[in-house]
Amino acid sequence: MKQNTARLGLLSLALGLTACTTTFQETKIDYKSAGKNQAPTLEVPPDLTQLSQDSRYIVPGGVVSAAAIQANAKAAKPTDNNTASNKIGDVRIERDGAEHWLVVDRGADKLWEPTRDFWLENGFIYSMEDRQLGILETDWAENRAKLPQDVIRKTLGKVFDSLYSTSERDKFRTRLEREADGKTRIYVTHRGMQEVYTSERKDNTIWQPRARDPELETEFLRRIMVKLGVSEEQASAVAKADRSAAVASTSTARMETVNGVPVLMLGEGFERAWRRVGVALDRTGFTVEDRDRSRGTYYVRYVDPNAQTESKGFFGKIFSRGKEAAPPVKYQIQVKGDGNQSQVSVFNEQGQPDSTANGQRIIRVITDDLK
């Protein structure tokens, strides 16, 4: 009798948990940080309808249909030979090949807090935040939406959540770049890691980089649009129209040697080269300490992946604790435009051309990302 009662109790618990989970909308994005001080994981995107009570986030204009946005996209003139944009109120999404970013008619200081809150609301914590530089970088996080959604997982997974884990981790860097006219560009870049077995016996694993996911970058840009006051319908319509109009990038990137120093040659003008090099630095994990657009210079910190104090290697430390890595070295990445051509060079901290193995490695990393 006691066994039957216990079984009925477990069945009731499972049914109750199943009922709870079905009240939430299934999403493709449900992140949970891998860090200790975890932000709350949201089962559904934040309820952004409440933003209508705050006039700071209201976008002028009524409901916009997908057909209307697509018509405007066809009629709109690109800002240069490679970019196109869709605008709603004071927020627009721009595209250059597979790259996307937002341009907002507000100062970076007014956008910092809502952008910072956005990632916290979506289940992330920060490994770096620098308001002066306009950089927010999340810690490594797991997309729980990729877990199997079978009956057992749906009923017991909420109770024994730690028993379930994916073999992937993601982190995102958001950069708010101030424009001379008072506007702000918002870039979102993704980095991914994947856990793989090191032997056929499957008794040991390592974490290694995996390809970026441009769809994730675009989706989070769309959600940031909503956070800044664009309705879900408007943001979805813009994203749909943008995908249908996407074209491949025509840029060329190649390494050359000039006066014994490795450089990157780009077949594009300074404006586009500056933008794409900045995104490449974000995506490949460089720490940008400062930037001077008038001089075409990014000031970065770089850690030599071969100069570690332990044998774990560069990526072996991402998800484990140990001795500190070798101290980073400061470099200057300079973008110099000449008509429709641009040259990217690496200088040391003193501003002298860098011909070392690290300088060549940095140029190679940027070149590979831009190809």
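Reading the values: the criteria
- Residues numbered from 1 in each chain as written.
- Predicted model: local features only at pLDDT ≥ 70, side-chain atom pairs only at ≥ 80, totals over all residues.
- Heavy atoms only, no water.
- Helix = DSSP H or I, 4+ residues; strand = E, 2+ residues; numbered from the N terminus.
- Buried < 20%, exposed > 50% of the residue type's maximum accessible area, 1.4 Å probe, protein only.
- Contact = heavy atoms within 4.5 Å.
- Areas by Shrake-Rupley, 256 points an atom, 1.4 Å probe, with all protein chains shown as cover.
- Core = buried A, V, L, I, M, F, W, Y, C linked by side-chain atoms within 4.5 Å.
- Phe/Tyr/Trp six-rings, centres within 6.5 Å; stacked < 30°, edge-to-face > 60°.
- Axes fitted to C-alpha atoms, helices over the stretch in contact; angles between N-to-C directions.
- Parallel < 35°, antiparallel > 145°, perpendicular 65-115°, else oblique.
- Nonpolar A, V, L, I, M, F, W, Y, C, P; charged D, E, K, R; others polar.
- Salt bridge = Lys/Arg side-chain N within 4 Å of Asp/Glu carboxyl O.
- pLDDT = per-residue confidence, 0-100.
- Pairing = 2+ DSSP bridges.
- Expected span 1.5 Å × (residues − 1).

A. A look at the overall build of the chain. In terms of regular secondary structure, the chain is built from 8 helices and 16 strands. Burial analysis of the chain (371 residues in total) assigns 43% to the buried set. Here the analysis covers contacts within the chain between residues at least 6 apart in sequence; of these, 59% occur between residues at least 24 apart. Taken as a whole, the chain presents about 19,700 Å² of accessible surface, with 51% of it coming from carbon and sulfur.

B. Focus on the nonpolar core. Residues Tyr 31, Leu 102, Trp 119, Phe 172, Phe 220 and Met 225 are the most contacted members of the largest nonpolar core, which totals 29 residues. Elements with a minimum of two residues in this core: β3 (91-96), β4 (99-104), α3 (108-121), β8 (168-178), β9 (184-197), α5 (214-227) and α6 (232-245). Looking at this core, the element that brings in the most residues is α5, giving 6 residues.

C. Representation of the environment of Val 188 within the structure. Positionally, Val 188 belongs in strand β9. Non-local contacts of Val 188, meaning those with residues more than four positions away in its chain, are made with Trp 119, Phe 172, Arg 173, Thr 174, Glu 217, Phe 220, Leu 221 and Ile 224.

D. Representation of the packing of aromatic side chains. Taken as a whole and assessed by the stated rule, the structure comprises 16 aromatic pairs. When the ring of Phe 124 is compared with that of Phe 172, the centres are 5.7 Å apart and the planes differ by 90°; the resulting orientation is edge-to-face. Placement of Phe 124 in the loop between α3 and β5 (126-130) and of Phe 172 in strand β8 is noted, with a sequence separation of 48 residues between them. When the ring of Trp 274 is compared with that of Tyr 298, the centres are 4.0 Å apart and the planes differ by 15°; the resulting orientation is stacked. Here the residue Trp 274 occupies a position in helix α7 (residues 270-283), and Tyr 298 occupies one in strand β14 (residues 297-302), the gap between them amounting to 24 residues. Across the pair, Tyr 298 and Trp 274 agree in class, each one buried. One aromatic cluster is present, formed by Tyr 31, Phe 118, Trp 119, Phe 124, Phe 172 and Phe 220 through successive ring pairs.

E. Structural view of the packing of α7 against helix α8 (residues 357-370). The contact between α7 and α8 brings their axes to 10 Å, and the two run at 110°. With respect to their mutual orientation, α7 and α8 come out roughly perpendicular. Counting all contacts with α7, which are made through Arg 276, Val 277, Ala 280, Leu 281 and Arg 283, the residues of α8 involved are Ile 366, Asp 369 and Leu 370. Its residues assigned to classes, the contact of α7 with α8 shows 5 nonpolar, no polar and 3 charged.

F. Main features of the pattern of salt bridges. In total, this model carries 37 salt bridges according to the counting rule given. Of the charged contacts, one joins Glu 99 and Arg 283 as a salt bridge, the two residues approaching to 3.1 Å between their closest N and O atoms. Of this pair, Glu 99 sits in strand β4 while Arg 283 sits in helix α7; the two residues are 184 residues apart in sequence, bridging distant segments of the chain. Between Asp 109 and Arg 178 there is a salt bridge, with its nearest N and O atoms 3.5 Å apart. One end of the pair, Asp 109, is in helix α3; the other, Arg 178, is in strand β8, and 69 residues separate them in sequence.

G. Quick peek at the confidence of the model for the chain. Residues of the chain with pLDDT of at least 70 account for 64%, and the chain-wide mean is 75. Across residues 1-26, confidence stays below pLDDT 50; counting only partners more than four residues off in sequence or on other chains, it has 13 contacts. A low-confidence stretch, residues 36-79 (pLDDT under 50), is modelled with 69 contacts involving residues beyond four sequence positions or located in other chains.

H. Region of interest: the sheet that holds strand β15 (residues 329-338). Taken together, the 6 strands give an open sheet; going across it, the order is β11-β12-β16-β15-β14-β13, and neighbouring strands pair in antiparallel fashion. Two strands lie at the open edges of the sheet, namely β11 (253-258) and β13 (287-292), each paired on one side alone. Direction aside, the axes of adjacent strands within the sheet are offset by 25° on average. Relative to β15, α7 is tilted by about 155°, and along the sheet it contacts β12 (261-266), β13, β14, β15 and β16 (341-348). Of the strands in this sheet, β11, β12, β14, β15 and β16 are in contact with α8, which crosses β12 at around 15°.

I. How the structure looks around the pairing of β11. Alignment of β11 against β12, held across 6 bridges, turns out to be antiparallel. Bridge pairing in β12 links Glu 256 to Val 263. Turn length for the β11-β12 hairpin, with the two strands adjacent in sequence and antiparallel, is 2 residues, and the turn residue Asn 259 shows positive phi of about 55°.

J. View of α3. In a regular helix each residue adds 1.5 Å, so 14 residues correspond to 20 Å; α3 covers 20 Å between its end C-alpha atoms and thus fits that length. Listing the buried residues of α3 in full gives Ala 108, Leu 111, Trp 112, Pro 114, Thr 115, Phe 118 and Trp 119. Those residues of α3 hidden inside the fold are in contact with β4, β5, β6 (135-138), β8, β9 and α5. A positive backbone phi angle near 90° is found at Gly 123, which sits one or two residues after α3.

K. A look at unusual backbone geometry. One non-glycine residue, Lys 202, lies in the positive phi region at around 55°. With respect to the element layout, Lys 202 can be found in the loop between β9 and β10 (205-210). Here Asn 259, not a glycine, exhibits a phi torsion of approximately 55°, which is positive. If you trace the backbone, Asn 259 turns up in the loop between β11 and β12. Given a relative accessible area of 79%, Asn 259 falls into the exposed group.

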